[in-house]
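Residue strings, one per chain:
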Amino acid sequence: MTDTVSAESGFPAEMLRDASDTLDPLADAEEGVVKNRAKVGSARPSSLLYTYGPGAIMDLPGFAVMPAGLDDWAPIWKRREHIPSILEPRLLNVVRLHLGPQVDALRPYPWQPKQGAMSKEGADLGIPARVFPQWFRCTGCDYLGPLPRFSYTNTHPFRPDLAQFTHKGCPGRGRQRPGTPSRKRESPAVPAQHLLTCTNGHLDEFPYTLWVHRGAKCPKAELPDLKMRDANVGKSVGSTILCASCGATRGMAEAQGAVGRDKLPQKCRGRHPHLGAFDSECGGRPTLIMMGASNLWFASTQSIIVMPRTDAEEKEALAARLRVELGVDQVKQFGNQVEVIRALATAKNIDMSDVTDDDLNTAIADVLAPADSEEVRQEKLAAWDPVELLVPEWRYLQKPALFPQQQNSSGLMVTEMQRGPELHPRISRVVAVNQMKKVNAVLGFTRLDEMDRVNDLTSRLVKLTRNGKPSWVPATEDRGEGVFLQLDLDAVAAWEDNILGTGLWEAHRAAHRNNFQRRFSETAKQVDPDTRLPAPRYWLLHTLSHILIREMAMSCGYGAASLSERIYGWTSTPQREAAAGLLICTTASDSEGTLGGLVALSEPTRLQGLVVSALRRAARCSSDPVCAMRTPSDPEDFLHGAACHCCSFASETSCEKANRFLDRRFLLNLPTVTGDSVPGFFGNVDAL
C-alpha cells in the first residue's frame, strides 16, 4: 500500500424518495428494492472532510449526490452495537465552543476496512446521500424535467459506477419521416447545472419553468415540457431553455452577473437539500451558481496534532470517555456510587486499572458540571482565536527534554536533530517528527465565501442537523511524519520591525483591506480588516514552507499534493509568547501511516542542501521580472506579491491559506517597485 492510498467510504444514495423522509437506503436494499443496490460511489475520508462533506455536491459518473446531514446518519450507526468515537478532549472542547455543549463526541466516518477483496466487512456501513440536483436533461432529446420523470437503474452488484438515470421513450433529436413508426429509445440523463444559492448557505434548484415564462405561468399547459439546448458558438453564452408547449425561449446568459441577479427571484426559499428541510425565513437574495463552482461549498474544520497528555488532560479525557460511553443520564443516576460507575466503565472497555477513586470522582463531577450559559459561550467564542490550538504544540516542541519521555499512546514521536554546519544560521532548530497523529473535526460549511476565521460569523456556518444542535460531528484520524524548522526568534523580530515600515507592506495591507471589504460585503459584521491580516513573519514562514514543499517533493517520494504545512507564526501577546516555525508533514488515514521518506530529509547533510536549493530556486521565476516585482496597487486586492504558480504556489491540499500571503521578497533581496528596499530574511541569494 502506497502513501497516497487511503480508505474509502461507500455512498448509499436516496433514490426517488421524498426529501423530508429520513434516509435508510441500506434497509431499502435489504427489503428487496430491485433498483436500489444502495452503493453508488466512494470517496476517501480526506475528501469527505475537505471536499465532499455534508452539503457538498459530489459528481458521480451518471449523476450527482449530496451527502446528507447528520440526522440521516442515525440509521447507519444503529446497525452496529458499538459506535466508535475519537477521544481528543482538546479538539472536542473547541467544537463544543462553536456548536454548543450538547456535542459529546467526535465520530469517524461509518466505514470499515475489508480483510479481502471479496469480503463483506463494512457492507452495512456508508454515508447516506440525496440525489441533487434533481432536475435532469436528456442527452438524446434535450428534455429537461424533474427527477420523477426519469428512470433509475443500479442493478450491478459490483459496478456502482453504472448507476444512472435514463429517459425512457426518448424520441431523439432527428425529425421523423411521415408514415414511419416512431423510434423510442432509452437515453442517459445528466444533471442540470444551474442552481440558486445565497450568502446564508441555502441551495435550491433553478426555477426553469418560471424563468422561461418570465415569472408567469405557461398559457398552454399547467406543467409544460421543457428543453435545454446548448447555444451555438458565437451566438450566445450558455444554454437556452425552450418551452415545448407554448414555444417560449430564454437564454441562461441573462441570469449571469449583477444585471442577471435582478431578474432572479428576490427572496430565497431557505432550502437545505442536505437536510431535506427549509428554514422558516431567509433574508438573503438568491444568486446563480453552477453545480461545479469552486465556491459552492467551503469546509469549516479544525485540527490538532495529538500530544502526550498531562495529568489534568488525562482526567479530562476520562470524563469525555464517561460522557460518550455511559451517557450523562447514567452517570447522573449512579454518580454517588463510585464502584457502580467503575463497573459500568469496565463493561464498556474503559481501562480503569490506574484510575483512583478521587480521579473517578473528579471525572464524574466534570460530566455533571452545568454547561456555560449561551451568553457566556458567545463571549468565549468572540475571544477565541484559532491560534490557541497551535500554542500547545509550539510549547511542546520548545522542550527537547520532554522528547525522550514521549508516551507512545499519543502517537507522537519527535527527535531533536543536529544542525548541519552549512545550514543557514537563521534556521535555529530542526526537529524530526518520526511519528504523528492528526485529528480533524468538521464544524460545518459555508457557501459563496470561505470563513476567514471560524469565529468571524458563526451564523454563516450552515447547520449539520435539522435543529442546528448536533450531538456529535464527523472527524478523521490521520497518521504520518514530518519535519519541523524553527527560525531565530530574535532575528525574525528585528526583520519584522524593518518590514512594517516599508511601502511593500503598506501595499499588502491596503490590498487586504480591499479584499476583505469586497469579499465580506454581504456577510460580515463590521470587522477591522487589519486584525485579520497575518503579521510579516507569517508571510515569511508561509513562503518558506511553499518553496520547501516544492523542493522536498522531488526527494522524499511523496507528491507535492501529499505534503501539507502547519505554520506557527504569531507575535507575542499577554496570553502567549511569540512563535516562528513551520511543520511540513504528510499524513494518511490508514492505520500504518506513512513510510519515512519525508522525515529522512531532516538529516543534517540532506536538509542543508535542500534549503539552499529551495532558496536558490525561489530567487528566480520563469515569470520574472513580472512576478518578482508584482505589488498590488489600488484598486487591486490580490493577497500575494512576488509569487505565482511557477515559483511558489502549492496545491489546495498543501496550503492552509489557499495560496494567499506569499511573497518571495520576504525571503530574499529581490527588486521592488515601491521605491524602497525590502530586506529579505535570508539576504542575497549569492551569499547562500
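Scroll up to find the structure this text is about.
Residues numbered from 1 in each chain as written. Predicted model: local features only at pLDDT ≥ 70, side-chain atom pairs only at ≥ 80, totals over all residues. Heavy atoms only, no water.

*Asks:* Quick rundown of the environment of Met 291? Include the residues and the values.
*Replies:* Structurally, the position occupied by Met 291 is in the loop between strand 19 (287-290) and strand 20 (298-305). Assessed through its relative accessible area of 7%, Met 291 is described here as buried. Between the alpha carbons of Met 291 and Asp 59 there is a distance of 8.8 Å; along the sequence they are 232 residues apart. (Helix = DSSP H or I, 4+ residues; strand = E, 2+ residues; numbered from the N terminus. Buried < 20%, exposed > 50% of the residue type's maximum accessible area, 1.4 Å probe, protein only.)

*Asks:* So what's going on with the sheet that holds strand 12 (residues 194-197)? Residues and values would help.
*Replies:* On the basis of which strands lie adjacent, the open sheet formed by three strands has the order 13-12-19 and antiparallel pairing. Edge positions in the open sheet fall to strand 13 (203-205) and strand 19, since each of these has one partner strand only. Strand after strand, the sheet turns through a mean of 40° between neighbouring axes, direction not considered. Taken together, the four bridges between strand 12 and strand 19 define a ladder with antiparallel strand orientation. Its bridge partner being in strand 19, His 194 is matched across the sheet by Met 290. (Pairing = 2+ DSSP bridges. Axes fitted to C-alpha atoms, helices over the stretch in contact; angles between N-to-C directions.)

*Asks:* Describe in detail the packing of aromatic side chains, supporting the description with residues and values.
*Replies:* By the definition in use, this model includes 25 aromatic pairs. Centroid distance Trp 394 to Trp 570: 6.4 Å. Interplanar angle 70°. Geometry classified as edge-to-face. Of this pair, Trp 394 sits in helix 12 (residues 391-397) while Trp 570 sits in strand 24 (residues 564-570), placing them 176 residues apart in sequence. Residue class for Trp 394 comes out buried when judged on its relative accessible area of 1%. Trp 570 sits in the buried class, given a relative accessible area of 6%. (Phe/Tyr/Trp six-rings, centres within 6.5 Å; stacked < 30°, edge-to-face > 60°.)

*Asks:* Can you tell me about unusual backbone geometry, naming the residues and giving the values?
*Replies:* In this structure, the amide linkage connecting Phe 132 to the following residue, Pro 133, adopts the cis form with an omega of 0°. Relative to the elements of secondary structure, Pro 133 occurs in the loop between strand 6 (129-131) and strand 7 (135-138). Put simply, Asp 634 and Pro 635 share a cis peptide bond, and its omega is 10°. Of note, Pro 635 is situated in the segment after helix 16 (604-618). Even without glycine at this site, Asp 142 takes up a positive phi of about 70°. Within the secondary structure layout, Asp 142 lies in the loop between strand 7 and strand 8 (143-146). Of note, the phi angle at Asn 659 is positive, near 60°, even though the residue is not glycine. In this fold, Asn 659 is placed in the segment after helix 16.

*Asks:* Give me the lowdown on the nonpolar core, citing residues and values where you can.
*Replies:* Leu 487, Leu 544, Leu 548 and Phe 682 are the most contacted members of the largest nonpolar core, which totals 50 residues. Mapped by element, the contributors of at least two residues to this core are strand 22 (427-446), strand 23 (472-487), helix 13 (489-500), helix 14 (503-519), helix 15 (536-552), strand 25 (579-588) and helix 16. Take this core: its biggest share by element is nine residues, from helix 15. Once you skip the residues sitting within four places of it in the chain, Leu 548 turns out to touch Leu 485, Leu 582, Ile 584, Leu 610, Val 611 and Ala 614. If you look at the next biggest cluster of nonpolar residues, it comprises 34 residues, including Leu 48, Leu 60, Phe 63 and Phe 165. (Core = buried A, V, L, I, M, F, W, Y, C linked by side-chain atoms within 4.5 Å. Contact = heavy atoms within 4.5 Å.)

*Asks:* Can you break down the side chain of Ser 187 residue by residue, with the values?
*Replies:* In this fold, Ser 187 is placed in strand 11 (residues 185-191). With sequence-adjacent residues up to four places away left out, Ser 187 is seen in contact with Cys 138, Thr 139, Gly 140, Phe 165, Thr 166, His 167 and Cys 170.

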